[in-house]
Amino acid sequence: MSTKESKTERLFTKIREGLELTTREEIELVVRLSIPAIFAQISFVAMQIIDASMVGHLGEIPAAAVALVSTSIWLIWGLVVAVTTPFSVQTAHRIGAKNFDEARDLLRQSFTAGFLFSAVFALIGALISPYLPGWIGGNPDLHQDASAYFLVFALGLPCLIFNFIATSMLRSTGEIKIPSLTNIFMCFLDVLFNWILIYPTDRYEVFGFSFTMWGAGFGVTGAALGTVLAEAVCALIMAA
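Note that this is a predicted model, so its numbers are computed, not measured. (Residues numbered from 1 in each chain as written. Predicted model: local features only at pLDDT ≥ 70, side-chain atom pairs only at ≥ 80, totals over all residues. Heavy atoms only, no water.)

Asker: Break down helix 6 (residues 143–155) for me, citing the residues and quoting the values.
Answerer: For helix 6, built from 13 residues, the straight-helix expectation of 18 Å at 1.5 Å per residue is met to within 8% by its first-to-last C-alpha distance of 18 Å. What helix 6 keeps buried is the set Ala146, Ser147, Tyr149, Phe150, Val152, Phe153 and Ala154. Residues of helix 6 that are buried in the fold lie against helix 2 (23–55), helix 3 (60–96), helix 4 (100–128), helix 5 (132–135), helix 7 (157–172) and helix 9 (220–239). (Helix = DSSP H or I, 4+ residues; strand = E, 2+ residues; numbered from the N terminus. Expected span 1.5 Å × (residues − 1). Buried < 20%, exposed > 50% of the residue type's maximum accessible area, 1.4 Å probe, protein only. Contact = heavy atoms within 4.5 Å.)

Pasting the structure below:
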């Protein structure tokens, strides 16, 4: 068994059969199961960097507006992780005990709780978005763009939470390939959606080939929409 997936399954099989893992096998299993979580964290931060760098082509103010609310967004992301992580831990325990019906119940509960918490956080985010840039000391020139970016992010929290729940639930079953690759794919989707939504329609030339690329021209708001759409697509893939 040479692939990572097969090695992980072999270790889970030993656990299900009641066999004791060696210290090396325990460390190997922990490392393998942590890979999707690592990619999830990296992809989330990477998309914030992608947003800031792509809107940076519009000028200093749009780039600064995204950077201004990034720390607040990371704070909300931490709350999302804190709320949803216990479900995946309990699900992993049920799967390990072969209580698959209870594991499915926990999966349904996690999506229900995720929707409720995301709705609350989205409402709070929408209410404070006009005032947040001023509270954290942002220059008045940044307030409009920063508020718009944070508002779209807040309203897109259900996509973010569902994406994280799907990642953690797959990891609970021992599946590491799908969530890892999907979170990498999400960064590429973010670039594509950002390109379409941030910039206006323009003509480009690549390796001597000229083409017209349609664009919505939404600016900073387009960057937030691109991130939310990327999260939504990948959440659907992993939920399926």
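Asker: I'd like a rundown of the packing of aromatic side chains, residues and numbers included.
Answerer: One pass over the full model with this rule turns up 3 aromatic pairs. Judged by centre distance (5.5 Å) and plane angle (80 degrees), the ring pair of Phe111 and Phe162 falls under edge-to-face. Of the two residues, Phe111 sits in helix 4 while Phe162 sits in helix 7, which places them 51 residues apart along the sequence. On the accessibility criterion, Phe162 (25% relative accessible area) is partly exposed. With 5.9 Å between their ring centres and 20 degrees between their planes, Tyr131 and Trp135 make a pair best called stacked. A residue is classified by how much of its surface remains accessible, and Trp135, at 58% relative accessible area, is exposed. (Phe/Tyr/Trp six-rings, centres within 6.5 Å; stacked < 30°, edge-to-face > 60°.)

Asker: With reference to specific residues and values, describe unusual backbone geometry.
Answerer: One non-glycine residue with positive phi stands out, namely Lys98, at about 65 degrees. Position of Lys98 among the secondary structure elements: in the loop between helix 3 and helix 4. Residue class for Lys98 comes out partly exposed when judged on its relative accessible area of 48%.

Honestly, it's all geometry; don't read function into it.
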